[in-house]
Amino acid sequence: MQQLNALVKEANELAIGTPESEADRMLQICNACRYCEGFCAVFPAMTRRIEFTPSVVNYLANLCHNCGACLHACQYAPPHEFGVNIPRVMAQVRKDTYMTYAWPKSFGALYKSNGVVVSVAVSLSIAFFLLLSALLNGSLSSGPLDGNFYAVFSHNTLALMFGAVFGFSILAIAIGLIHFWRGISAGVISASAAAEATHDALTLKYLGGGHGDGCNNEDDAFSLWRKRFHHFTFYGFMLCFAATSVATIYHYFLGLHAPYALNSLPVILGTLGGIGLLIGPAGLLYLNLHRNSEHGDASQKSMDRAFIVLLFMISISGLLLLAYRDTSAMVALLAVHLGFVMGFFLTMPYGKFAHGFYRVAALLKNSIEKRQKNHLQFGAD
Amino acid sequence: MVDVLVIGGGNAALCAALMAKEAGASVLLLEAAPKEWRGGNSSHTRNIRAMHDEPQDVMLEAYSEEEYWQDVLKVTSGITDEFLARLVIRASSQCRDWMRHHGVRFQAPLSGTLNLSRTNAFFMGGGKALVNAYYRSAEKLGVGIRYESPVSSVEIQDGKFIAAYIGDERIEAKTCVLAAGGFESNREWLKEAWGTNQYGESPADNFLIRGTRYNKGVLLKQLISLGADSVSDPTQAHMVAVDARAPLYDGGICTRIDAVSFGIVVNKNAQRFSDEGEDFWPKRYAFWGRLVAQQPGQIGYSIIDSKVLGRFMPPVFPGEKADTLAELAIKLGIDPKALQETVKTYNAACRVGTFDHTILDDCHTEGLEPAKTHWALPIDTGPFYGYTVRPGVTFTYLGLKTDETAAVHFNGVSSANLFVAGEMMAGNVLGKGYAAGIGMAIGTAFGRIAGTQAAKAAQILNQSQGAEHATA
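A brief look at the structure comes next. From a predicted model like this one, the values you see are computed outputs, not experimental measurements. Residue positions are counted from 1 within each chain, in the order its sequence is given. Note on labels: chains are lettered from A, ligands numbered from 1, in written order. In keeping with the predicted nature of the model, local features appear solely for residues at pLDDT of at least 70, side-chain atom pairs appear and are counted solely at 80 or more, and the whole-chain, interface and lining totals rest on all residues. Excluding hydrogens and water, the side-chain values take into account all heavy atoms of the structure.

1. Side note on the overall build of chain A
So, step 1. Helix and strand content of chain A: 14 helices and two strands.
So, step 2. What you see for chain A is a C-alpha radius of gyration of 23 Å, in line with the 21 Å of a compact globule of 381 residues.
So, step 3. In chain A, which comprises 381 residues, the share counted as buried stands at 50%.
So, step 4. Residues count as neighbours in contact if any of their non-hydrogen atoms are within 4.5 Å of one another. The long-range share in chain A, meaning contacts at least 24 apart out of those at least 6 apart in sequence, stands at 76%.
So, step 5. Accessible surface computed for chain A: about 16900 Å², of which carbon and sulfur atoms make up 67%.
So, step 6. In this charge count, Lys and Arg are treated as positive and Asp and Glu as negative; neither His nor the chain ends contribute. Taken as the charge centre is NZ of Lys, CZ of Arg, CG of Asp or CD of Glu, depending on the residue. Taking the average place of the 25 positive charges on the side chains of chain A and the average place of its 22 negative ones, the gap between the two points comes to 5 Å. Secondary structure elements follow DSSP: runs of H or I no shorter than four residues count as helices, runs of E no shorter than two count as strands, and numbering proceeds from the N terminus. Here the globule rule reads 2.2 Å times residues to the power 0.38, and the radius of gyration is calculated from C-alpha atoms. Only protein chains enter the accessibility calculation, which uses a 1.4 Å probe; a residue is then buried when its area is under 20% of its type maximum, exposed when over 50%, and partly exposed in between. Areas reported as accessible are Shrake-Rupley estimates using a 1.4 Å probe. Residue values count occlusion only from the protein chains shown.

2. What to know about the packing of helix 12 (residues 301-323) of chain A against helix 13 (residues 330-347) of chain A
Residues and elements named next belong to chain A.
So, step 1. Here, axes are lines fitted to C-alpha atoms. For helices the fit covers the stretch in contact, and angles between N-to-C directions go from 0 to 180 degrees. Between helix 12 and helix 13, the shortest axis-to-axis distance is 9 Å and the interhelical angle comes to 150°. Between helix 12 and helix 13, the angle falls in the class roughly antiparallel. Helix 12 and helix 13 meet at a crossing whose hand is left-handed. Contact residues: Phe 307, Leu 310, Leu 311, Met 313, Ile 314, Ser 317, Gly 318, Leu 320 and Leu 321 in helix 12; Met 330, Leu 333, Leu 334, Val 336, His 337, Phe 340, Val 341, Gly 343, Phe 344 and Thr 347 in helix 13.
So, step 2. Amino acids outside the nonpolar list (Ala, Val, Leu, Ile, Met, Phe, Trp, Tyr, Cys, Pro) and the charged list (Asp, Glu, Lys, Arg) are all regarded as polar, and Gly is one of them. Here the contact of helix 12 with helix 13 is composed, by residue class, of 14 nonpolar, five polar and no charged. Should an angle fall under 35 degrees it is taken as roughly parallel, and over 145 as roughly antiparallel, whereas 65 to 115 is taken as roughly perpendicular and any remaining angle as oblique. In this scheme the crossing of two helices becomes right-handed for a clockwise turn of the near helix relative to the far one and left-handed for an anticlockwise turn of less than a right angle.

3. Focus on the pairing of strand 21 (residues 413-420) of chain B
All names here are of chain B.
So, step 1. Two strands are counted as paired when DSSP detects at least two bridges linking them. In this structure, strand 9 (residues 169-178) lies alongside strand 21, joined through three bridges in parallel fashion. Looking at the pairing, Leu 178 lines up with Val 420 of strand 21.
So, step 2. In terms of strand pairing, strand 20 (residues 407-410) meets strand 21 through three bridges, oriented antiparallel. Each residue of the ladder has a partner; that of His 409, found in strand 21, is Ser 414.
So, step 3. What sits between strand 20 and strand 21 in their antiparallel hairpin is a turn of two residues, with Asn 411 showing a positive phi close to 50°.

4. Quick look at the interface of chain B and chain A
So, step 1. Counting residues at the interface gives 46 residues for chain B and 36 residues for chain A.
So, step 2. Throughout, buried area stands for the accessible area (probe radius 1.4 Å) lost by two parts on being put together, summed over both. Between chain B and chain A lies a buried interface of about 3400 Å² when both sides are counted; carbon and sulfur atoms form 56% of it.
So, step 3. Its largest share of buried area at the contact with chain A, chain B owes to B:Met124, B:Met313 and B:Pro314, together 17% of the area lost on that side.
So, step 4. A carboxyl oxygen of Asp or Glu within 4 Å of a side-chain nitrogen of Lys or Arg is what we treat as a salt bridge. Where chain B touches chain A, the interface holds four salt bridges.
So, step 5. Looking at the side of chain B that touches chain A element by element, the count peaks at five residues for helix 5 (residues 127-141) of chain B.
So, step 6. For the side of chain B that touches chain A, the residue count by class is 20 nonpolar, 17 polar and nine charged.

5. A short note on the pairing of strand 7 (residues 153-157) of chain B
All names here are of chain B.
So, step 1. With five bridges connecting them, strand 7 and strand 8 (residues 160-166) associate as antiparallel partners. Pairing of Glu 155 across the sheet is with Ala 163, part of strand 8.
So, step 2. Adjacent in sequence and paired antiparallel, strand 7 and strand 8 are bridged by two residues, among which Asp 158 carries a positive phi angle near 50°.

6. Concerning the sheet that holds strand 5 (residues 120-123) of chain B
All names here are of chain B.
So, step 1. Read from one edge of the open sheet, three strands run 3-5-4, paired in antiparallel fashion. Strands with a single pairing partner mark the edges of an open sheet, and in this sheet they are strand 3 (47-49) and strand 4 (106-107).
So, step 2. Two elements, strand 4 and strand 5, share two bridges in a ladder whose sense is antiparallel. Within strand 5, the position partnered with Phe 106 by the bridge is Phe 123.

7. Looking at the packing of aromatic side chains
So, step 1. The rule is short: rings of Phe, Tyr and Trp, with Trp giving its six-membered ring, pair when the centres are within 6.5 Å, and they are stacked under 30 degrees, edge-to-face over 60, tilted in between. A full pass over the atoms with the stated rule returns 35 aromatic pairs over all chains.
So, step 2. Ring geometry for B:Phe183 versus B:Trp189: centroids 4.0 Å apart, planes at 25°, classification stacked.
So, step 3. On the accessibility criterion, B:Trp189 (6% relative accessible area) is buried.
So, step 4. Counting every residue linked through ring pairs, the aromatic cluster contains A:Phe128, A:Phe129, A:Phe153, A:Phe162, A:Phe166, A:Phe237, A:Phe241, A:Phe307, A:Phe344, A:Phe345, A:Phe353 and A:Phe357.
So, step 5. Here, a charge over a ring is recorded when the distance from Lys NZ or Arg CZ to the ring centre is within 6 Å and its angle to the ring normal is within 35 degrees. Over the ring of A:Trp225 we find A:Arg228, and its NZ or CZ is 4.6 Å from the ring centre.
So, step 6. Across from the ring centre of B:Trp98, 4.6 Å away, lies the NZ or CZ of B:Arg448, which sits over that ring.

8. Concerning the environment of A:Ser367
Residue and element names in this part refer to chain A.
So, step 1. If you trace the backbone, Ser 367 turns up in helix 14 (residues 355-370).
So, step 2. Among the residues examined, Ser 367 registers a relative accessible area of 0% and is labelled buried.
So, step 3. In this structure Ser 367 touches Ala 193, Glu 196 and Ala 197, once residues within four positions along its chain are discounted.

9. Observations concerning the packing of helix 1 (residues 11-22) of chain B against helix 5 of chain B
The description of two packed helices rests on the angle between their axes and on the distance between the axes.
All names here are of chain B.
So, step 1. Following both chains from N to C, one finds helix 1 and helix 5 inclined at 25°, their axes separated by 10 Å at the closest point. Viewed along their axes, helix 1 and helix 5 adopt a mutual orientation that is roughly parallel. Crossing angle aside, the handedness with which helix 1 passes helix 5 is left-handed. Across the interface between the two elements, Asn 11, Leu 14, Cys 15, Leu 18, Lys 21 and Glu 22 of helix 1 pack against Leu 130, Val 131, Tyr 134, Tyr 135, Ser 137, Ala 138 and Leu 141 of helix 5.
So, step 2. Residues of the contact of helix 1 with helix 5, tallied by class, amount to nine nonpolar, two polar and two charged.

10. Quick word on the nonpolar core
So, step 1. We define a nonpolar core as any set of buried Ala, Val, Leu, Ile, Met, Phe, Trp, Tyr and Cys residues linked to one another through side-chain atoms lying within 4.5 Å. By size, the foremost hydrophobic cluster in this structure holds 104 residues, and its most contacted members are B:Leu178 and B:Leu223.
So, step 2. Broken down by element, the residue count for this core peaks at eleven residues, all from helix 11 (residues 438-471) of chain B.
So, step 3. Among all residues touching B:Leu223, those that are not within four sequence positions of it are B:Val154, B:Leu178, B:Ala228, B:Leu400, B:Val408, B:Phe410 and B:Leu418.
So, step 4. By size, the runner-up hydrophobic cluster in this structure holds 89 residues, among which are A:Phe52, A:Val56, A:Ala193 and B:Trp288.

11. Concerning helix 9 (residues 191-203) of chain A
All names here are of chain A.
So, step 1. Take the residue count of a helix, subtract one, and multiply by 1.5 Å to get its expected span. A rise of 1.5 Å per residue sets the reference length of helix 9, with its 13 residues, at 18 Å; its end C-alpha atoms lie 18 Å apart and thus fit the reference within 8%.
So, step 2. Every buried residue of helix 9 is accounted for by Ala 193, Glu 196, Ala 197 and Asp 200. Taken down its axis, helix 9 places every buried residue within 95° of arc, on the same side.
So, step 3. On its buried side, helix 9 packs onto helix 14.
So, step 4. Just past helix 9, the residue Leu 204 takes up positive phi, approximately 50°. As used here, the arc is the angular range of directions from the helix axis to the C-beta atoms.

Written out as structure tokens, the structure reads:
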């Protein structure tokens, strides 16, 4: 027993100064203050607890949208000696979450220098497709092919390559998510909890600042632009995803093969999505560059920016491909676009993309928990 | 020369600056603190006590003028100016839209605050968010703002403001609003006011300051020495029992010890000294600092057992924990035998009915002095917890006497161009005691009056100067 106590003590000492122990320290202060209760879901979730174990901290960190409101409102923020900075410590814990729950586990290390990982993955993918198309096609600038991509790569080649990588990435994300879900002991999902969590995720409720004026970016003023650009990005992505899905149905079930006409559903969806993925990431990058240095975790900026830029490049290369698909530039543009998409697929489970899944899981737990009885009965304050 | 010079940078000062600017005056605001510490004690506040006759936006039910006035009367034991108090109460019902207009956001009633949501409107994010909103609005409107500009003295001639000094720099203005807070962070003055107690101690040596380190009371002292009329006395202050480990300044809300009514509080001799169950903690908590200040060593120990854990706001620092009372006493540094004896006597006196910490329940003591009149449960279930507490001064009440125009008075005559708002005059309404959110109600009401009156006085000056030029 004494040995166990000594081990516990040793573990506690080792934990001092880690993001988890810092989050615990700051949340104790928050829980005794509670002025931020109205901003987002993190603080009401905090008030349901008096202890902040690593599991709880993990959950709260992924519930935090890094809006920055609580930092600017905090009477204990630096230079106060308590040094409370919830957005930063939560961002640090989130990174630990991604690394801890990554599958295969050793791949979690890819988060450490994610910007480099994304760049390398994208560069290699583009090089690969350029070489492959040159090899298959004899040249990168053949005569006009009337937008027929399959004249360069056969449909089956593309479906197999992208299907395999995409399938692996989705599997990796799903395994990580299941482990995370078990780790935060989330409970049983009811229909109303699921509906609320879906609503909160799709509307980005918690980038509204609790008062609908938005979140903070460069200073204590509120702005809705982060929410809006995030929406452009997310819905742009979903439209592109829908375009691909519709095209797959066309191909396999209706026998309608690409290239599709400009007024066809896949092209319209893809074009709208592409425009969203230009506006959203460009806006997010602008805001990221102007972001208050106190917000979030500076070491993750390369990950955030790599992801934003990658989405932008996928979109712009896709739109250029659409515009020039009937010209001799098509082969090269296709190879470049496929390279960006492949780079994205490869890094999906080990980059910023994964944050959405963990956040939705945390939102869902929050919705489940809100419907349970709170056993704490604090005094008549 | 600016029309209105506002000295101070908290809620009252900002309300005055915004109102004066809205009235068309040119305004310069001087904040003693650097930008990151701006806002004085206002950045530690959370809500404003607001009268309302029916449910309104974030306010539940009704809180009538009469009920509000009775609350003021009760907490101050009548040491208040009824006319000014009622002025504040009425103003508190009409300021929220104006506050919203300047970017202040209120929040819906929340889990921990239901009992206060009838009487108080909560700022989304607390007082610092409010202060930020006011500064943003003031900057947008063109109010001049200077940080790190502590005013060292003002020049007064025949009861009229002439200029203010920041060191050697002289700033003239047509009118001036004083809203520079009290003197709680002036340790020398606190010591002078509290003197020496019966144990030969200087109690103020052991006070912690819950708020800003910039409230030195420099102008308060100067104005009183120049013959400005004053109210209240220098020992009166909002004083809370705070964790003895709290920082010297800016501990704010989180260092208060909420466990008081769930157990007993003893002094360094392990003796109880007041009724821990007299009223709900929010209503009574501003008194415990004073009670502890009157004990030897200005120290107290809040003792609870495991039965009540999870029923009060979690404290910011963990308390001492022990399986036996004797062990707990040793950890706290008090006499184990004396503590055991005190608890034994208390336990024996407990008459436990139906414990309910949300109402004034029927658990009380019999034959015990001092009695514990509610929530009296025996302290018998280990582990036991103890929190060491010190007096924490939130703000002082000694201030300048004023009237409904917020004018400073010299020998009963109101100044034509010198006004006062906030903590520097709160003592007119609050001679002693406290009820949550009244400070912000006074600051907002008088800040707005002072700003309006200053702008008006400056315009009158403009016009009379114009007339002089015309006749010249």
